[in-house]
Amino acid sequence: MPVQKKIGLTALVPPELIFACRCSPFDVNNVIPGSKKYPRNKLCAWTAIWQEMLSKRELKLDSLIVVAGGDCHNALVDGQKVEMSGIPTHFFFYPFDGDPLYLESQLYNLVDFLGTIESPEKSGQIKELKKIGKKIDAKRAQGKLSSGNVFRIMISFSDLMGDLDVFREAINSLKEQKVEMNNRVALIGVPPIYHDFHDVAQSLDLQVVFDELPFEFLRHSGNDIHTIARDYCNYTFARPLDFRIRFLQKELEKRHIDGIVHYTQFACHHMLEDEIMRSKLDYPMLTIQGDLPGKTPEQIKLRLEAFREALDRA
Amino acid sequence: MIGLDVGSTTAKKVSIEDGEIKYQITGTHNWKDLITGIDGNDIISTGYFRNSVPHCASVTEITAAIYGVRYYFPDVDVIVDIGGQDTKVIDVKKNNFIINDKCSAGTGAFLEFVANYFKIELKELGSFHSRAKRIPAINNTCAVFALSEMISQLVAGFTPEEVIAGMHYAFARRISFMIPGARTLVLIGGTVKNKGMLSALEDILQTEIQVPDEPQIVNALGALKYYY
């Protein structure tokens, strides 16, 4: 059996196809919250850190897939720096208008980059895991699982830990526990760059019951290029804001949300969306901004605590 | 029972005796002087150091500000708290708040920086402003670059009084971006004793701004009112 190629991902790229091509996906963002790196030249720390780690070969990958169109322009530039350092890099574009035919052509290009589809059965296995993921997400909203433990599983749906068996085991190791649901919070935007954020929120009596981006990681699936294109074309982060907001409204209502925490990353275009989110989503909203990774800073904790007090008063 | 606000630069104690507000203010590092002989079970704390001082209950300065200001202005819509290290804007009606702490240009620390440059006391900034005949434009949103711009205005012939007035306008413009429309806007925090900054903000917002008699003690009072 040949050694599997390790493929870096910068955001959501259908892992179904990467596994089907007998490659092992690795979401480069997973190393950022625990990183102590201070990148030399940065706007957003998320992209700057993976760029520097890859360019200096501190992360060992065979190639990189950069989600550029429809998501993050910083990634487009930092991805090119990685490419110039000599790592084979492919640029993947989502359609802004959700055109499945366009996405289908992008998926064919992706498979060309990876090789050929050799294990089509992997897509079905991933679909089953994502069904379990949705159940876990629902259990968290019912107060049966801790927010932080569920988040750590959900965020891993982008690369399924590079190995379906290892990932299945990680899911099975989740233990049910009763969580008192006093303040049901939706976390929207990109995930916080702090590795302990969900646990800190819980310690301040804020229970995260919706993680916007990680939920996208497990929401989409498909058995082949045709069906994958028709599902992933609704990846909300790549679509116009009104599409994403309509989706959010439905999910927040379903989860009986008390308030929203909007995390924005320094120098990220999502910061510009804050006023729109505030005007369209009719819930108390706290906006926080992070820059470099690490523990949740005290200033952010103050905001979370004050937000909890605000929800108590509501 | 007392409300104790230990912030980044000052500590304040408030109690209510026979319906009358009694208070004491000292430097942050002397906070212990305020609670000599007072049991922790009789203290409601707030401010940056709220969890580091003896207390039976604590509340964030954001919530404390709401309760404290309501004591003076029951119909308050928006509170602006210009502190030493950050500026907080609390939309009381919408139960929402914004804090600016990424940059010192909209905080009391910036005013202190400017006063140090002119070798004057912080409390003198207001009287310097009142003597200005012209107001130069200072556009920089960075505190350090704003100082460079102020020096350029001095070189160009503006007086220190005028440059200080221009700086107050730059300061007020910066925090005005954080402030939503309001019928009753209340300013708190030690910085609001600076009349120059206050008038610049009123001019930019075109709104009358209310200030409690003792704006520095509002949070300590609010901590007390939150629980009682």
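Residues numbered from 1 in each chain as written. Chains lettered and ligands numbered in written order. Predicted model: local features only at pLDDT ≥ 70, side-chain atom pairs only at ≥ 80, totals over all residues. Heavy atoms only, no water.

Regarding its fold elements, chain A presents 13 helices and eight strands. For 314 residues, the compact-globule estimate of 2.2 N^0.38 gives 20 Å, and chain A sits close to it at 19 Å. When the backbone C-alpha atoms are referred to their principal axes, chain A occupies close to 60 × 40 × 35 Å. A total of 314 residues make up chain A; the buried ones form 60% of that total. Partitioning the intrachain contacts of chain A with sequence separation of at least 6 by distance along the chain shows that 72% fall at a separation of at least 24. Total accessible area on chain A is roughly 13,200 Å²; 53% of this is exposed by carbon and sulfur atoms. When the 40 basic and 43 acidic side-chain charges of chain A are each reduced to a single mean position, those positions are 2 Å apart. (Helix = DSSP H or I, 4+ residues; strand = E, 2+ residues; numbered from the N terminus. Rg over C-alpha atoms; globule rule 2.2 N^0.38 Å. Buried < 20%, exposed > 50% of the residue type's maximum accessible area, 1.4 Å probe, protein only. Contact = heavy atoms within 4.5 Å. Areas by Shrake-Rupley, 256 points an atom, 1.4 Å probe, with all protein chains shown as cover. Lys, Arg positive; Asp, Glu negative; His and termini not counted. Charge placed at Lys NZ, Arg CZ, Asp CG, Glu CD.)

Here we come to the sheet that holds strand β1 (residues 5–9) of chain A. Residue and element names in this part refer to chain A. Taking strand neighbours across the sheet as the criterion, the four strands line up as β2-β1-β3-β4 in an open arrangement whose pairing is parallel. Taken across any chain shown, the strands that pair with only one partner, and hence form the sheet edges, are β2 (23–27) and β4 (89–92). On average, each strand axis in the sheet is inclined to that of its neighbour by 25 degrees, with strand direction left out of account. Bridge count between β1 and β2: five bridges; the pairing is parallel. In the sheet register, Lys5 faces β2, and the bridge partner there is Cys23. Packed on one face of the sheet, helix α4 (residues 100–114) meets β1, β2, β3 (63–67) and β4 and runs near 170 degrees to β4. (Pairing = 2+ DSSP bridges. Axes fitted to C-alpha atoms, helices over the stretch in contact; angles between N-to-C directions.)

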